[in-house]
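# Summary of the model geometry
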Amino acid sequence: MSLVQEVGKDLDGLSQLRALMASGRKPGILVSLDFDFAEVEKGWALFVGTPGEHAYNPIGTVHGGYAATLLDSACGCAVHSQLSAQQAYTTVELKVAYHRPIMRDTGPLRAEGRVVSMGRRVAFASAELLDANKRLYASATSTLLVFDR
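What comes next concerns the included structure. (Residues numbered from 1 in each chain as written. Predicted model: local features only at pLDDT ≥ 70, side-chain atom pairs only at ≥ 80, totals over all residues. Heavy atoms only, no water.)

## Comments concerning helix α2 (residues 13-23)
Where we set the bar: Only protein chains enter the accessibility calculation, which uses a 1.4 Å probe. A residue is then buried if its area is under 20% of the maximum for its type, exposed if over 50%, and partly exposed in between. Working definition: helices are DSSP H or I runs of at least four residues, strands are E runs of at least two. Numbering for both runs from the N terminus. Residue contacts are defined here by distance: any two heavy atoms, one from each residue, within 4.5 Å place the two residues in contact. Think of a polar contact as two N or O atoms within 3.5 Å of one another; within protein, one of them needs to be a possible hydrogen donor and the other a possible acceptor, and neighboring residues in sequence only count if both atoms come from side chains.
Within α2, burial applies to Gly-13, Leu-14, Gln-16, Leu-17, Ala-19 and Leu-20. Buried positions along α2 lie against α1 (3-8), β1 (35-41) and α4 (64-80). The N-capping residue of α2, defined by a side-chain oxygen 3.1 Å from the backbone nitrogen of Leu-14, is Asp-12. Backbone geometry just downstream of α2 places Gly-24 in the positive-phi region, at approximately 80°.

## Quick notes on the packing of aromatic side chains
Condition: Note on ring pairs: Phe, Tyr and Trp rings are taken, using the six-membered ring of Trp, and paired if centres are within 6.5 Å. Classes follow the plane angle, with under 30 degrees stacked, over 60 edge-to-face and the rest tilted.
If you walk through the whole model with that rule in mind, you get 2 aromatic pairs. Measuring from ring centre to ring centre gives 5.8 Å for Phe-35 and Phe-47, while their planes differ by 65°; the resulting arrangement is edge-to-face. Residue Phe-35 is found in strand β1, and its partner Phe-47 is found in strand β2 (residues 44-49); the two are separated by 12 residues along the sequence. Residue classification places Phe-35 among the buried positions, given a relative accessible area of 0%. Summarising the aromatic geometry, the rings of Phe-37 and Phe-47 are spaced 4.5 Å apart at their centres and angled 5° between planes, so their arrangement reads as stacked.

## So, the nonpolar core
Here is the rule we go by: Only buried residues count toward a nonpolar core, which is a set of Ala, Val, Leu, Ile, Met, Phe, Trp, Tyr and Cys residues joined through side-chain atoms within 4.5 Å.
Core analysis: the largest hydrophobic core is formed by 35 residues, its most contacted members being Phe-37, Ala-45, Phe-47, Tyr-66, Val-79, Ile-102 and Leu-129. Among the elements of the structure, α2, α3 (28-33), β1, β2, α4, β4 (109-118), β5 (122-131) and β6 (136-148) are those that each provide at least two residues to this core. It is α4 that contributes the most residues to this core, 9 residues altogether. Look past the residues within four positions of Phe-47 in its chain and what remains in contact with it is Leu-30, Phe-35, Asp-36, Phe-37, Ala-38, Ser-73, Ala-74, Cys-77, Leu-109, Arg-110 and Ala-111.

## Quick notes on the sheet that holds β1
Rules: Being paired, for any two strands, means DSSP has found at least two bridges between them. Orientation is described by axes fitted as lines to C-alpha atoms, over the contacting stretch for helices, and by angles from 0 to 180 degrees between their N-to-C directions.
Pairing is antiparallel in the open sheet, where 6 strands are placed in the order β1-β2-β4-β5-β6-β3. The sheet is open, and its two edges are formed by β1 and β3 (87-98), each paired on a single side. Geometrically, the sheet is characterised by an average inter-axis angle of 20° between neighbouring strands, direction not taken into account. Pairing of β1 with β2 involves 6 bridges; the strand directions are antiparallel. Residue pairing across strands places Phe-35 opposite Gly-49, the latter belonging to β2.

## Digging into the state of the cysteines
What counts here: In this description, a disulfide is simply a cysteine sulfur pair whose atoms lie within 2.5 Å.
Inspection of the entire model under this criterion finds 0 disulfides. In this structure Cys-75 is not part of a disulfide, and its nearest cysteine sulfur, from Cys-77, lies 10.0 Å away. For Cys-75, a relative accessible area of 0% corresponds to the buried category.

## Considering α4
Rule in force here: Any helix carries an expected span of 1.5 Å times its number of residues minus one.
With 17 residues, α4 should reach 24 Å at 1.5 Å per residue; the first-to-last C-alpha distance of 24 Å fits that figure. Counting buried residues along α4, 14 of its 17 residues qualify, which places the element largely inside the surrounding structure.

Rendered as structure tokens:
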């Protein structure tokens, strides 16, 4: 059973995510990359994280996977917030554009995801990764497969 089902079995997607946040439990990816699930509304999700040495690549910048993971999480949870209790999803495609390098001194980043369109089997979402001054560091579009549990 998934973590979200453990804390929110038989709830719709938005209620599941809110129950997960209220539980204080974190999926392993949030622990590994040290970021947080901060807010969720129907069709919208926010993740926040402060990049540091744990996310550095060998060339001295934050690895692109850090930004991609925050953006994928924001897109996915925005879609999850619109699911019924009988549905689940998985990412089919994630396209990430990197607009500026992320460094350890970049400070806190916000990954804001929103649903662009939601169908019975396919959803589309987008997300932006912004700093405290609303400078854009990366953006993403995502295609997600919606399926019955």
